[in-house]
Amino acid sequence: MFGVQSELAVFVLLMLVWTVFVLYSASVFTWLVEVLVLAWRQTTSAGDVVYGYDDIQVRVITIDAADIVQSTVDAVPDDLADVRVVAEKPISVDGASVHVVPEEFTCTATHKGRALEWARREVPCDEEFVLYLDEDTLMANFAGLPEGDIVQITELPLYTGSWVTYLSEVFRIGYQREQRAFGRFSFPLYAWGGGIAIRSSLENEITWDSKTITEDTDFAWRAASASDLDFTVLNCKFRNQAPPSVPTMLKQRRRWFSGTRQDSDLLPLHYQAFLQFRLVAWGFSPLIPLITVVTFLVPGALPDLMLYRIGSLIEFATLFVVTGVGVASYWAESKLALLAVPWTPILVVLNTAGALWGFVSPVEHFTVTTKVPLETVEERNPAFEPGSLTDHDGRNDLPEQLDVTRFTSELRESFHIDDD
C-alpha cells in the first residue's frame, strides 16, 4: 500500500514538474519569436516623427502629489505649450493648467479611470493627440509623435532607494522588449500609461468609462475591438521611478496581473486563451528555478529527468538573455544596469512573485504606487548630482554619471530585500 502511495506521489510530482516546464518553455519560445522576429523594425526612433509639439496636449494624472507633478511638468519641453494637470484634489503647479475632478462626478470608471474620463469630457483639446504621463514620468528625447492611433513610449525606471527593485526593473524592461512586436497583433497584449499618446478622436470614440484597474490596457483592447488599431512604439526612453521598496513592487505587479486577467474577456477567444497561458506561465515561473535546484541537488528524487535538466538549463540561460536585453536598453543612459546580470535568478523570482500573489489573491481596487520627490531621488541615486533631474529638459536624454565611491558605499548599505 505504501508502495502504491509512493508511486502515486512520484507520478503527481512528475506531472507538476513537466506541466510547469512545458508552460514556461512555450512562454520563453513565444517571447523569443516576438523579440527576434515580430519586433524587427517595428519601433520608431525618437527623431522620426510626423506630429510636432503643436499637435500634442500633455496631461499629467495625479491625486494630489504637487511636488512630484511639478518636477514632471518642469521636464516637459518648453515649446510644448499645452500642459494640463488632472488632479483629484486642488493643487498648485507652475507651468500647467490644473483641472480638479469634482467630487460629485460619477461614471462607470473608478479611481484613475474616473479622472481620465472626466478630463476627456471636460478638458478642452484641439490637438491631434493627448500625451498621458504618470505623475513621476520625466520626458526624454522627445521631439514629437509618429503616425499611430496609440503611441506607446518606452521607459527606463530610475533608482529611487532600493537596488533590488531597480535591478528588477532592468529585468522587466528586458522582458518588455516584446512590446515592440505588438503593432503586428490585432490586440496589443498590454500598455502602460506612464508615457502613452492617444489620438484625440479615438479617445472620444472609445472613452475611459470602463471599470478596470489597468486603464491603459483596457482602453487599448476596447479600441482594438472597435477598429483596426494602429499601435506604435516610440523609442524615447522616458524616465519614471522604480518602486522604492520590494513590498511596493510586489503590490504593483499584483495589480497589473489582476487587472489584466480581469479584463481578458474584452479579447477574442483565441487571444484570451493565449493571454491566460501567458499569465499562468508568468505567475508560476518562480517554480522553475526551485524545481531545477531540487532535481540537481537530489538527482535520485525523480526518475528520467535528464531531458528536463538539459531543458531547464537552457531556460535558465534564457533568463540571462532577458536581463541582457534590459541592460542593452539602459546602456546608453546607465551602466548601473549591468549589476542586474549576476542577480538574474533572484530578480526573476521577485518580478513574478507579485504575479503569483495576484493569481492566488486577485486585487480589485486601484492602489497608487508610492513615489519619491525628485530631490530625494537625486540624493539617493549615486549617478545624479543635485539639479541633474530637477533641471532636466525633456528634449534631451538623461545620462547617468556614476560616482563610484558613493555608489559602492550605498550599494553595500542598501542592497537587501527587506528594505521597507
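This is a predicted model, so every value here is computed, not measured.

Reading guide: rules and limits
- Residues numbered from 1 in each chain as written.
- Predicted model: local features only at pLDDT ≥ 70, side-chain atom pairs only at ≥ 80, totals over all residues.
- Heavy atoms only, no water.
- 1 Å grid on protein atoms, 1.4 Å probe; cavity = no way out; pocket = protein on both sides within 12 Å on 5 of 7 lines; lining within 4 Å.
- Points joined across faces, edges and corners; volume = space filled by probe spheres on them.
- Helix = DSSP H or I, 4+ residues; strand = E, 2+ residues; numbered from the N terminus.
- Buried < 20%, exposed > 50% of the residue type's maximum accessible area, 1.4 Å probe, protein only.
- Phe/Tyr/Trp six-rings, centres within 6.5 Å; stacked < 30°, edge-to-face > 60°.
- Pairing = 2+ DSSP bridges.
- Axes fitted to C-alpha atoms, helices over the stretch in contact; angles between N-to-C directions.
- UniProt positions renumbered as here; feature names shortened; annotations may be inferred.
- Right-handed = clockwise from strand over helix to strand, strands pointing away.
- Core = buried A, V, L, I, M, F, W, Y, C linked by side-chain atoms within 4.5 Å.
- Contact = heavy atoms within 4.5 Å.

Enquirer: Outline empty space enclosed by the protein, supporting the account with residue identities and numerical values.
Expert: The tally for this structure, following the rule as stated, stands at 3 cavities of 30 Å³ or more. Of all the secondary structure elements, the ones that give two or more residues to the lining of the largest cavity are strand E6 (150-155) and strand E8 (231-238). The element contributing the most residues to the lining of the largest cavity is E8, with 3 residues.

Enquirer: Lay out unusual backbone geometry in plain terms, naming residues and giving numbers.
Expert: In this structure, Arg 41 is a non-glycine residue whose phi angle is positive, near 60°. Tracing the backbone shows Arg 41 in the loop between helix H1 (2-38) and strand E1 (43-45). For Arg 41, a relative accessible area of 73% puts it in the exposed group. Positive phi outside glycine occurs at His 111, with the angle close to 50°. Within the fold, His 111 resides in helix H3 (residues 111-122). Residue class for His 111 comes out partly exposed when judged on its relative accessible area of 35%.

Enquirer: Any details on the packing of aromatic side chains? Residues and values, ideally.
Expert: A full pass over the atoms with the stated rule returns 16 aromatic pairs. An angle of 85° between the planes, with centres 6.1 Å apart, marks the rings of Tyr 159 and Tyr 166 as edge-to-face. A residue is classified by how much of its surface remains accessible, and Tyr 166, at 0% relative accessible area, is buried. When the centroid spacing of 6.5 Å and the interplanar angle of 45° are considered together, the rings of Phe 182 and Phe 231 count as tilted.

Enquirer: Which residues make up the sheet that holds E1, and what values do they have?
Expert: Across the sheet, which stays open at both edges, the 8 strands sit in the order E1-E8-E6-E7-E5-E2-E3-E4 with mixed pairing between neighbours. Only two strands of the sheet have a single neighbouring strand rather than two, namely E1 and strand E4 (97-100). Between one strand axis and the next, the sheet turns through 25° on average, direction left out of account. Looking at chain direction, E6 and E8 are connected through 5 bridges and run parallel. The partner of Gln 152 across the bridge, within E8, is Val 233.

Enquirer: Could you give an account of the UniProt feature "transmembrane region" (unreviewed entry) in the chain, with specific residues and numbers?
Expert: UniProt records the feature "transmembrane region" (unreviewed entry) at residues 12-33, 279-298, 310-331 and 338-360, using the numbering of this structure. The distance from the first to the last C-alpha atom of residues 310-331 is 31 Å, and the span holds 95% helix and 0% strand. Taken end to end, residues 338-360 has its terminal C-alpha atoms 33 Å apart, with 74% of it in helix and 0% in strand.

Enquirer: Can you explain the pairing of strand E3 (residues 83-87)? Please cite residues and give values.
Expert: E3 sits mainly inside the fold: 5 of its 5 residues count as buried. Every second residue of E3 is oriented toward a common face, with Val 83, Val 85 and Ala 87 on one face and Arg 84 and Val 86 on the other, all of them buried. Bridge count between strand E2 (residues 56-61) and E3: 4 bridges; the pairing is parallel. Its bridge partner being in E3, Val 60 is matched across the sheet by Val 85. Between E2 and its parallel partner E3, the chain crosses via helix H2 (residues 66-74), and the hand of that crossover is right-handed.

Enquirer: Go over the environment of Gly 52, please, and point to the residues and values.
Expert: Within the secondary structure layout, Gly 52 lies in the loop between E1 and E2. What makes Gly 52 partly exposed here is its relative accessible area of 27%. Taking the C-alpha atoms as reference, Gly 52 lies 6.8 Å from Ala 143; in sequence the two are 91 residues apart.

Enquirer: Go over the nonpolar core, please, and point to the residues and values.
Expert: Within the largest apolar cluster, 37 residues are counted, with the highest numbers of intra-cluster contacts made by Tyr 132, Ile 150, Ile 198, Leu 202 and Phe 219. Residue assignment for this core shows that the elements contributing at least two residues are H3, strand E5 (129-134), strand E7 (195-199), helix H5 (200-206), helix H6 (215-226), E8 and helix H8 (269-284). Per element, the largest residue contribution to this core is 5 residues, and it comes from H6. Val 28, Leu 158, Tyr 330 and Ala 337 belong to the second-largest nonpolar core, a separate cluster that totals 32 residues.

Enquirer: Go over the environment of Ala 46, please, and point to the residues and values.
Expert: Note on placement: Ala 46 falls in the loop between E1 and E2. Ala 46 sits 191 residues away from Lys 237 along the chain, and the two C-alpha atoms are 8.7 Å apart.

Enquirer: So what about the environment of Leu 350? Which residues, and what values?
Expert: For Leu 350, the location among the structural elements is in helix H11 (residues 344-360). Sequence spacing of Leu 350 and Val 246 is 104 residues, and the spatial spacing of their C-alpha atoms is 8.2 Å. Apart from residues no more than four positions distant in its own chain, Leu 350 is found in contact with Val 164, Ser 168, Val 246, Met 249 and Leu 250.

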